[in-house]
Amino acid sequence: ERVDLAQVVHEIFEQLEKIASAKRTFLKLRVDRPGPIWVKADLQRINQVMTNLIENAIKYGNENGKVLVSLEEDKKHVLVAVKDDGPGIPPEHLSRIFERFYRVEKSRSKDRGGTGLGLAIVKHILNAHKAKITVMSKIDKGTTFRFKLERMEELKLAASKQNVQ
Ligand code: ATP
Ligand code: MG
């Protein structure tokens, strides 16, 4: 299945606009060129991945903060990054945030609801797409999650369209 990642992100931004504007969080998508960014993925699942990451970035980010999603194409892949300029995740917690029900012990995260499943689901879905997710975080600077998905080039696209006919 081919998915336009740029479109997916736009739709999520629209869906999360209310919670973002309540915190005055600025949402930005950075792409190298306008138009669709095709990847080989399951639409529903990749939508879930992007939603969980962007929602976290807003939820745990600062007021008046910024959330930047970037989609960078190379020959075979699209590199996806979801970056915030929030409080960051302490290094001793970093290796555990993808575990089910794991939440960083902070009053902050306790009164923000959530079950601690979001990132476990993200990791699981990306696994099924043969993609590894990495996280980099710096206290008071922010957090960045990255992964890459297989690109669906125009050529393959044309071929798969022909196959359908
Ligand atoms: P759920 O996603 O199920 O609503 P959750 O957001 O607590 O609950 P995860 O999305 O798995 O669960 O995140 C796990 C924990 O990692 C969070 O509770 C939070 O402490 C921390 N975390 C996740 N993303 C960020 C981020 N962008 N900045 C700071 N901390 C984060
Ligand atoms: Mg979450």
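The protein is annotated in an unreviewed UniProt entry as histidine kinase of Spirosoma terrae.

1. Description of the overall build of the protein
Check the secondary structure of the protein and you find 7 helices and 7 strands. Along the protein, helices (α) and strands (β) appear in the sequence β-α-α-β-β-α-β-β-α-α-α-β-β-α when read from the amino end. At a minimum sequence separation of 6, the contacts of the protein that also span at least 24 residues come to 69%.

2. Considerations on the environment of Thr51
Relative to the helices and strands, Thr51 resides in helix H3 (residues 43-59). Each C-alpha atom, one on Thr51 and one on Val122, is 9.5 Å from the other, the two residues being 71 residues apart in sequence.

3. Some points on the site of ligand 1
Inspection of the region around ligand 1 gives 20 residues, with Arg103, Val104, Gly114, Gly118 and Leu119 positioned closest. Partitioned by chemical class, the residues of the shell around ligand 1 number 9 nonpolar, 9 polar and 2 charged.

4. Here we look at the pairing of strand E4 (residues 66-73)
Here strand E2 (residues 26-31) pairs with E4 via 6 bridges, running parallel. Looking at the pairing, Lys28 lines up with Leu68 of E4. Judged from the 7 bridges that link them, E4 and strand E5 (residues 77-84) form a sheet pairing that is antiparallel. The residue of E5 that forms the bridge with Ser70 is Ala81. Between E4 and E5, which follow one another and run antiparallel, lie 3 residues.

5. Some remarks on the pairing of strand E7 (residues 142-150)
Relative to E7, E5 runs antiparallel, the two being bridged by 8 bridges. Counterpart to Leu79 in the pairing with E7 is Lys148. Taken together, the 5 bridges between strand E6 (residues 134-138) and E7 define a ladder with antiparallel strand orientation. Directly across from Ser137, in E7, lies its bridge partner Thr143. Linking E6 back to E7 in an antiparallel pair, the connection comprises 3 residues, with Asp140 at a positive phi of about 65°.

Quick notes on the rules
Residues numbered from 1 in each chain as written. Chains lettered and ligands numbered in written order. Predicted model: local features only at pLDDT ≥ 70, side-chain atom pairs only at ≥ 80, totals over all residues. Helix = DSSP H or I, 4+ residues; strand = E, 2+ residues; numbered from the N terminus. Contact = placed C-beta atoms within 7 Å. Near = placed C-beta within 6 Å. Nonpolar A, V, L, I, M, F, W, Y, C, P; charged D, E, K, R; others polar. Pairing = 2+ DSSP bridges.

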